[in-house]
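The primary structure of each chain is shown beneath.
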Amino acid sequence: MLYAENGCASCHGPAGRGDGPVGQTLDPRPRDFQDVAAFKRGFDVEAIARTLATGILVPAAPARGATGAPSHHQQGMPKFDHLSEVERQSLALYVISLHDPARQGARQP
Ligand code: HEC
């Protein structure tokens, strides 16, 4: 419910695959929650709750991609500091619950 209310799905997609309508316009793309290896800030409740509190600021980046043109869409993820700590932890648990362990196994070296 919190996931839907706070618009997470518009970027991360309804199933957390990083394929929401807004997410498709972003660079870097929103995290695919199935892809634990891609998490930059840790994959536990505390780490994810902290990410939600601070947001992710994507620096005005060095050029990416073949054209070398920086995208004006680079903005990372907004912070959700208006939520309570408990709400952020609930969201973190939800994010973790979207993860499919079978797929993680397939990604282990
Ligand atoms: C405006 C689009 C947008 C919205 C809305 C959004 N995110 Fe994100 N999120 C991103 C992007 C982009 C990244 C990846 C940034 C990067 O790669 O540096 C990201 C990354 C993450 C990560 C991974 C952090 C890590 O350790 O790498 C988590 C967890 C996350 N989002 C959870 C959420 C949750 C929960 C919500 C709703 C409360 C939410 N996001 C809403 C765009 C969004």
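Quick notes on the rules
- In this convention, every chain numbers its residues from 1, walking through the sequence in written order.
- Thresholds applied to this predicted model are a pLDDT of at least 70 for local features of residues and 80 or more for the giving and counting of side-chain atom pairs; totals over whole chains, interfaces and linings are not thresholded and use all residues.
- Processing note: side-chain calculations cover all non-hydrogen atoms of the structure and skip hydrogens and water entirely.
- Burial classes follow relative accessibility: with a 1.4 Å probe on protein chains only, a residue under 20% of its type's maximum area counts as buried, one over 50% as exposed, and anything between as partly exposed.
- Helix and strand definitions here come from DSSP, where helices need a minimum of 4 consecutive H or I residues and strands a minimum of 2 consecutive E residues; each element is numbered from the N-terminal end.
- When checking whether two residues touch, look at their non-hydrogen atoms; a contact exists if any pair is within 4.5 Å.
- Any residue with at least one heavy atom within 4 Å of a molecule or strand is counted as near it.
- Nitrogen and oxygen atoms within 3.5 Å of one another constitute a polar contact, given that in protein one can donate a hydrogen and the other can accept it, and given that sequence-neighbouring residues count only through two side-chain atoms.
- Residues are grouped as follows: Ala, Val, Leu, Ile, Met, Phe, Trp, Tyr, Cys and Pro are nonpolar; Asp, Glu, Lys and Arg are charged; all remaining types, including Gly, are polar.
- Because no water is among the atoms considered, metal sites can look incomplete, with donors defined as N, O and S atoms within 2.8 Å of the metal, or 3.2 Å for Na, K and Ca.
- Any site counts as irregular unless it has four donors with all angles between 85 and 135 degrees, making it tetrahedral, or four or six donors with opposite ones more than 155 degrees apart and the rest between 65 and 115, making it square planar or octahedral.

Comments concerning helix 3 (residues 45–54)
Buried within helix 3 we find Ala 47, Ile 48, Ala 49, Thr 51 and Leu 52. If you follow the buried residues of helix 3, they end up packed against helix 4 (85–97). Immediately downstream of helix 3, the backbone of Gly 55 shows phi near 75 degrees, a positive value.

Describing the site of the ligand
Taken together, 24 residues surround the ligand, and among them Cys 8, Cys 11, His 12, Lys 40 and Met 77 come closest. Contacts to the ligand include Lys 40, whose side-chain N or O atom sits 2.7 Å from an oxygen atom. Among the secondary structure elements, those contributing two or more residues to the shell around the ligand are helix 2 (8–12), helix 3 and helix 4. Of the residues assigned to the shell around the ligand, the class counts are 15 nonpolar, five polar and four charged.

Topic: the coordination of the iron atom of the ligand
In this structure, His 12 (NE2) and Met 77 (SD) serve as the protein donors to the iron atom of the ligand, at separations of 1.9 Å. Angles of 87 to 179 degrees at the metal separate the six donor atoms of the iron atom of the ligand, which places the site in the octahedral class. With His 12 in helix 2 and Met 77 in the loop between helix 3 and helix 4, the pair connects residues that are 65 residues apart, well separated along the chain. Each member of the pair, His 12 as well as Met 77, carries the same accessibility label: buried.

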